[in-house]
Amino acid sequence: MQITPVTPDTAQKSLAVITAAFAQAAHSDGNEAQLVQKLRAGETYRPEYDVVAVNDDQAVVGHAMLSKAQVVAESGQAWPVWVLAPVSVLPADQNKGLGTALIMYLEAMAFGDGLRAIAILGDPGYYGRFGFIPASQYKITAPFTVADENFMIKPLMEGALTDVHGRLHYDPAFGIH
């Protein structure tokens, strides 16, 4: 298994992986692959944070992506953060550590680049084991109604979220205003 940034070929193949991974997901809107296409076309897209897991047969079996966002205070002050979404693994390859490997790869890249934090909307039982905690503990709120335990953030270095507070503003591709 190898994790690498997408190429034009693997980027296209990743869309089928994303669609298959979310086909039976309880909290899916069915538009995850379209979201990835929109993020890839956006101004803040960083291809090094758009990665695939490729098996020994060179088939794409997993995908994960970080997109740029910001936390904006009522005063207008803003701090850059990144959003992990979506994380996708083909159903036949789930529960083998691929999702974990994709997340850890992106975290290492983001940390190495000095990024502040990564936010996620997801299952606290899964993402909590990576160190994600409710964003409310940092006085960071979601731009929509969501259970506190599902809207999480992880600072990538000590003090990264000191004095950071406000509402998370997603990339426009998410369609959240």
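Rules and cut-offs
- Residues numbered from 1 in each chain as written.
- Predicted model: local features only at pLDDT ≥ 70, side-chain atom pairs only at ≥ 80, totals over all residues.
- Heavy atoms only, no water.
- Helix = DSSP H or I, 4+ residues; strand = E, 2+ residues; numbered from the N terminus.
- Polar contact = N/O pair within 3.5 Å; in protein donor to acceptor, adjacent residues only side chain to side chain.
- Contact = heavy atoms within 4.5 Å.
- Buried < 20%, exposed > 50% of the residue type's maximum accessible area, 1.4 Å probe, protein only.
- Expected span 1.5 Å × (residues − 1).
- Pairing = 2+ DSSP bridges.
- 1 Å grid on protein atoms, 1.4 Å probe; cavity = no way out; pocket = protein on both sides within 12 Å on 5 of 7 lines; lining within 4 Å.
- Points joined across faces, edges and corners; volume = space filled by probe spheres on them.
- Nonpolar A, V, L, I, M, F, W, Y, C, P; charged D, E, K, R; others polar.

This part is about the side chain of histidine 63. Structurally, histidine 63 can be placed in strand β3 (residues 60-72). Side chain to side chain, histidine 63 and arginine 40 meet in a polar contact 3.4 Å long. Within polar-contact distance, the side chain of histidine 63 engages the side chain of aspartate 50 at 2.6 Å. If we ignore the near neighbours within four places in the chain, the residues touching histidine 63 are Ser14, Val17, Ile18, Val36, Arg40, Asp50, Val51, Val52, Pro86, Val87, Ser88 and Leu102.

So, about the environment of glutamate 43. With respect to the element layout, glutamate 43 can be found in the loop between α2 (32-41) and β2 (50-54). The exposure class of glutamate 43 is exposed, given its relative accessible area of 86%. Each C-alpha atom of the pair glutamate 43 and leucine 15 lies 20 Å from the other, and the pair is 28 residues apart in sequence.

Once that is clear, we can look at helix α1 (residues 8-22). It helps to recall that an α-helix has 3.6 residues per turn; residues three or four apart then point in one direction. With 15 residues, α1 should reach 21 Å at 1.5 Å per residue; the first-to-last C-alpha distance of 22 Å fits that figure. Listing the buried residues of α1 in full gives Thr10, Ala11, Ser14, Leu15, Val17, Ile18, Ala21 and Phe22. The inward-facing, buried residues of α1 contact α2, β2, β3 and β4 (78-89).

This part is about the side chain of serine 67. Looking at where serine 67 falls in the secondary structure, it is placed in strand β3. What makes serine 67 buried here is its relative accessible area of 4%. Setting aside its immediate chain neighbours within four residues, serine 67 contacts Leu39, Val81, Trp82, Val83 and Phe174.

The next thing to look at is the pairing of strand β8 (residues 151-155). Among the 5 residues that make up β8, 4 are buried, leaving the element largely enclosed by the rest of the structure. Here strand β5 (residues 117-121) runs beside β8; their pairing, made up of 5 bridges, is antiparallel. Opposite leucine 121, over in β8, you have phenylalanine 151 as the bridge partner. Two strands pair when backbone bridges link them, and strand β6 (residues 133-134) and β8 are joined in this way by 2 bridges, in the antiparallel orientation. Looking at β8, one finds that isoleucine 133 is bridged to isoleucine 153.

Let us look at empty space enclosed by the protein. For the coordinates displayed, the defined rule picks out 1 cavity of 30 Å³ or more. Empty space within the largest cavity amounts to approximately 50 Å³. Surrounding the largest cavity, Leu39, Thr44, Tyr45, Arg46, Met65, Leu66, Ser67, Lys68, Trp82 and Asp171 form its lining. Counting residues per element, the lining of the largest cavity draws most heavily on β3, at 4 residues. Class assignment of the residues belonging to the lining of the largest cavity gives a composition of 5 nonpolar, 2 polar and 3 charged.

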